[in-house]
Amino acid sequence: LGVGLRAGAVWLSASAREPGVEGRSLSGIFLAPFAWTALELQLTSRWYLQLAIELDYVAKSVRGLDADQVPLLELRGLRGAGWLGAGIRL
């Protein structure tokens with residue numbers, strides 16, 4: 001089990017979909033506290049499999065808006081991820 005804080009940089013670039021509208025770029029930072037857990041299955045003395053799950057919440061979001069101020073792309077809210085991997089201990 002673990003907890004942490006993830007911070008990152010986001011760069012969004014837009015191109016115009018209609019004549020007379022200008023596409024712009026946007027950059028910003030996001031902050032996301034997270035919690036994760038992992039389960040490990042030892043296959044041999046050196047090889048193992050690991051299953052991990054992470055949940056985070058983007059507390060400081062980044063949002064790209066269109067000309068009518070409607071969100072086109074947002075990095076916000078609850079996110080989850082899971083992965084399965086194999087490893088070897090040297």
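Throughout what follows, the structure given in this document is the object of discussion. (Residues numbered from 1 in each chain as written. Predicted model: local features only at pLDDT ≥ 70, side-chain atom pairs only at ≥ 80, totals over all residues. Heavy atoms only, no water.)

Each helix and strand counted, the protein chain has 0 helices and 4 strands in total. Helices (α) and strands (β) of the protein chain occur, in sequence order from the N terminus, as β-β-β-β. Its C-alpha radius of gyration of 19 Å places the protein chain more than 25% over the 12 Å reference for a compact globule of 90 residues. Taking the principal axes of the C-alpha coordinates as reference, the protein chain spans close to 65 × 25 × 20 Å. Residues classed as buried in the protein chain amount to 19% of the 90 residues present. Across the protein chain, the fraction of contacts at a sequence separation of at least 24, relative to all contacts at a separation of at least 6, is 52%. Entry remark: accessible area of the protein chain is about 6900 Å², with carbon and sulfur atoms responsible for 60%. In the protein chain, 9 side chains carry a positive charge and 8 a negative one; their mean positions are 9 Å apart. (Helix = DSSP H or I, 4+ residues; strand = E, 2+ residues; numbered from the N terminus. Rg over C-alpha atoms; globule rule 2.2 N^0.38 Å. Buried < 20%, exposed > 50% of the residue type's maximum accessible area, 1.4 Å probe, protein only. Contact = heavy atoms within 4.5 Å. Areas by Shrake-Rupley, 256 points an atom, 1.4 Å probe, with all protein chains shown as cover. Lys, Arg positive; Asp, Glu negative; His and termini not counted. Charge placed at Lys NZ, Arg CZ, Asp CG, Glu CD.)

The biggest cluster of nonpolar side chains holds 6 residues, and these are V10, L12, F30, A32, V58 and V62. Counting residues per element, the ones that place at least two in this core are β1 (2-13), β2 (25-42) and β3 (47-65). In this structure, V10 is in contact with L26, S27, G28, F30, V62 and L75, ignoring residues within four places of it in sequence. (Core = buried A, V, L, I, M, F, W, Y, C linked by side-chain atoms within 4.5 Å.)

Ordered in space as β1-β2-β3-β4, the 4 strands form an open sheet in which the pairing is antiparallel. The open sheet has two edge strands with one neighbour each: β1 and β4 (71-88). For this sheet, the mean inter-axis angle between neighbouring strands, taken without regard to orientation, is 25°. (Pairing = 2+ DSSP bridges. Axes fitted to C-alpha atoms, helices over the stretch in contact; angles between N-to-C directions.)

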